[in-house]
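In case you want the letters, here they are:
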Amino acid sequence: MLKYQQQDCDLTLSEGLECYYNSFPDSKEIIEDDVHSGNLLRDHDCTHIIFGLDISIDQEAILDTWVLWGSSFKWKYLLGYAKLPQIKKIQKHLIAELGVKGFLKLYWNVSGIKRKVTFRTFKMKKKWPFQVPDTYLNMKISDLRKIHGINILSTEELNYTPTKWSGSINS
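Residues numbered from 1 in each chain as written. Predicted model: local features only at pLDDT ≥ 70, side-chain atom pairs only at ≥ 80, totals over all residues. Heavy atoms only, no water.

Chemist: Tell me about the state of the cysteines, residues and numbers included.
Modeler: Evaluation of the coordinates by the stated rule reveals 0 disulfides. The thiol of Cys9 is not disulfide-bonded; the next cysteine sulfur, from Cys19, is found 7.4 Å away. Given a relative accessible area of 0%, Cys9 falls into the buried group. For Cys19, a relative accessible area of 18% gives the class buried. (Disulfide = S-S within 2.5 Å. Buried < 20%, exposed > 50% of the residue type's maximum accessible area, 1.4 Å probe, protein only.)

Quick look at the structure:
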């Protein structure tokens, strides 16, 4: 378990991002923002931190639910993520390797967890801003979770069989 995956984590959001990036195996590339993406990739990565999820494809699927139901966003900004060339490349590779059947299996595999996340988002005090204010980067993750009423999933609640593919964390 990574430190930011503890509900009462005392790291700042910026330190949580560093922890998240340090969790990438040497074989996995960290995709960083450039002049075209602005802070879009950082903002996406902050959702991993605030909702306590790792870089696996399964937890990425779970994150979709947290973002859709528990975040405030502008559709144009959010959809810009899927239009980034780096993300398109990963998606193309995933589709080629897993196929439609593999994606259906992936989402079925985490559907119970996604349902649990949906109910948790209804209990939040306020939605997480997908476009993260710079001031949040210096705030403690535990304080940000309290402000927004975010109760992350425990290790026991994140019980699923990991999807195997060439980009798996343990590959």
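Chemist: Just give me the short version of the side chain of Asp43, but keep the residues and values in it.
Modeler: Relative to the helices and strands, Asp43 is located in helix α2 (residues 40-50). Here Asp43 falls in the buried class, since its relative accessible area comes to 2%. In terms of polar contacts, Asp43 uses its side chain to reach the backbone amide nitrogen of Val132, at 3.4 Å. Setting aside chain neighbours within four positions, we find Asp43 in contact with Tyr77, Phe130, Gln131 and Val132. (Helix = DSSP H or I, 4+ residues; strand = E, 2+ residues; numbered from the N terminus. Polar contact = N/O pair within 3.5 Å; in protein donor to acceptor, adjacent residues only side chain to side chain. Contact = heavy atoms within 4.5 Å.)

Chemist: Please give an account of the layout of surface pockets that cites residues and values.
Modeler: Its volume calculated, the largest pocket comes out at about 1,300 Å³. Glu60, Tyr81, Ile87, Ile90 and Leu94 are the residues nearest the centre of the largest pocket, which is lined by 41 residues in total. Of all the elements in the fold, those that place two or more residues in the lining of the largest pocket are α1 (13-22), α2, α3 (57-70), α4 (75-83) and α5 (85-109). The element that contributes the greatest number of residues to the lining of the largest pocket is α5, accounting for 10 residues. Of the residues assigned to the lining of the largest pocket, the class counts are 26 nonpolar, 9 polar and 6 charged. (1 Å grid on protein atoms, 1.4 Å probe; cavity = no way out; pocket = protein on both sides within 12 Å on 5 of 7 lines; lining within 4 Å. Points joined across faces, edges and corners; volume = space filled by probe spheres on them. Nonpolar A, V, L, I, M, F, W, Y, C, P; charged D, E, K, R; others polar.)

Chemist: Got a sec to walk through the pattern of salt bridges? Specific residues and values, please.
Modeler: Going through the model one piece at a time under the given rule, you end up with 4 salt bridges. Linking Lys3 and Asp10 is a salt bridge whose minimum nitrogen-to-oxygen distance equals 3.3 Å. In this structure, Glu157 and Arg120 form a salt bridge, with 2.3 Å as the shortest nitrogen-oxygen distance. With Glu157 in the segment after α7 (141-148) and Arg120 in helix α6 (residues 111-122), the pair connects residues that are 37 residues apart, well separated along the chain. (Salt bridge = Lys/Arg side-chain N within 4 Å of Asp/Glu carboxyl O.)

Chemist: Now, about the packing of aromatic side chains: what can you tell me, with residues and values included?
Modeler: How two aromatic rings sit relative to each other is set out by the distance from centre to centre and by the angle between their planes. Under the definition given, this model contains 9 aromatic pairs. Arranged with centres 5.4 Å apart and planes meeting at 85 degrees, the rings of Tyr20 and Phe24 form a pair that is edge-to-face. Each member of the pair, Tyr20 as well as Phe24, carries the same accessibility label: buried. Note on Phe51 and Trp66: the rings are 4.5 Å apart at their centroids and 15 degrees apart in plane angle, and the pair reads as stacked. Of this pair, Phe51 sits in the loop between α2 and α3 while Trp66 sits in helix α3; the two residues are 15 residues apart in sequence, bridging distant segments of the chain. On the basis of relative accessibility, which here comes to 1%, the residue Phe51 falls in the buried class. Put simply, the rings of Tyr4, Tyr20, Tyr21 and Phe24 touch in pairs and so form one group of aromatic residues. (Phe/Tyr/Trp six-rings, centres within 6.5 Å; stacked < 30°, edge-to-face > 60°.)

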